[in-house]
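The lines below spell out each chain.
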Amino acid sequence: MEIWLELSEAEYEKVWNKMCEVLNFKPSTSNFPSFEVPTPFITYDISIYLEDSHDLGAYDDLEEKALLVFKENTSRDDYLYALDWQHECYWINPSLEFEKDEFDELKVPVFPNGDYYFFIHKDFEWGYLGHPWEKTITIFGEGLITGFEKHQPKMFQKVLRQG
């Protein structure tokens, strides 16, 4: 079974339209936040890791824990969206082993180091939204928040907003 299933053109258009409709997504490098998420949500400030981080293990820790929490919040045959703003986007199944590229990176990273990277439940019940210009990661949905409280990444120390 393939872990990264590229969205068709119709699926791509549909999910980004839904991002605009459901989360009021308005991409911006200066007006923040760029989306409106339902409660409950928590937005973490990760600016220190985008500026100059000496804790290189924090990136692997974030990836490992995010993939674990996604897996805990989906059934074995469930897929979710892995979205990379204005690039190829995918369906992913967190129960499968994630393949990495030749640079040892995921096709859609969990750390927003240059673009919006979103992981969203197929029904928009929960989501993980990485914002590179605000230097934040927002998680919404009770199950996802509980999962990240249980498996707290090192990066999730400074809360910027919550509701």
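You'll find the structure just up there.
Below is a short write-up of the structure. Given the structure is predicted, the values throughout are model-derived calculations rather than measurements.

Definitions and limits used
- Residues numbered from 1 in each chain as written.
- Predicted model: local features only at pLDDT ≥ 70, side-chain atom pairs only at ≥ 80, totals over all residues.
- Heavy atoms only, no water.
- Salt bridge = Lys/Arg side-chain N within 4 Å of Asp/Glu carboxyl O.
- Helix = DSSP H or I, 4+ residues; strand = E, 2+ residues; numbered from the N terminus.
- Buried < 20%, exposed > 50% of the residue type's maximum accessible area, 1.4 Å probe, protein only.
- Pairing = 2+ DSSP bridges.
- Contact = heavy atoms within 4.5 Å.

1. Looking at the pattern of salt bridges
Turning to step 1, where the next piece is worked out: This structure, assessed with the given rule, holds 7 salt bridges.
Turning to step 2, where the next piece is worked out: Notably, a salt bridge pairs D78 with K122, separated by 3.0 Å at the nearest N-O pair. In this pair, D78 sits in the loop between α3 (57–72) and β3 (80–84) while K122 sits in the loop between β5 (117–121) and β6 (127–131), placing the two residues 44 residues apart along the sequence.
Turning to step 3, where the next piece is worked out: The class of D78 is buried, set by a relative accessible area of 10%.
Turning to step 4, where the next piece is worked out: According to the relative accessible area criterion, K122 is partly exposed, its value standing at 35%.
Turning to step 5, where the next piece is worked out: The salt bridge partner of E134 is R161, with a shortest N-O separation of 2.8 Å. Remark: R161 occurs in strand β8 (residues 159–162) and E134 occurs in the loop between β6 and β7 (136–140); sequence separation between them is 27 residues.
Turning to step 6, where the next piece is worked out: Using a relative accessible area of 13% as the deciding quantity, one classes E134 as buried.
Turning to step 7, where the next piece is worked out: Assessed through its relative accessible area of 24%, R161 is described here as partly exposed.

2. With respect to the pairing of β3
Within a regular strand, the side chains alternate between the two sheet faces.
Turning to step 1, where the next piece is worked out: By the criterion of burial, β3 is predominantly enclosed, with 5 of the 5 residues buried.
Turning to step 2, where the next piece is worked out: Along β3, one buried face is formed by L80, A82 and D84 and the opposite face, lined by Y81 and L83, is buried too.
Turning to step 3, where the next piece is worked out: With 3 bridges connecting them, β3 and strand β4 (residues 90–92) associate as antiparallel partners. Paired with A82 across the bridge in β4 is Y90.

3. Regarding the environment of I3
Turning to step 1, where the next piece is worked out: In this structure, I3 sits in the segment before β1 (4–6).
Turning to step 2, where the next piece is worked out: A sequence separation of 25 residues divides I3 from S28, and the C-alpha atoms of the two residues are 30 Å apart.
Turning to step 3, where the next piece is worked out: Ignoring any residue separated from it by four or fewer positions in sequence, one finds I3 in contact with W91, I92, N93, L96, E97, F98 and E99.

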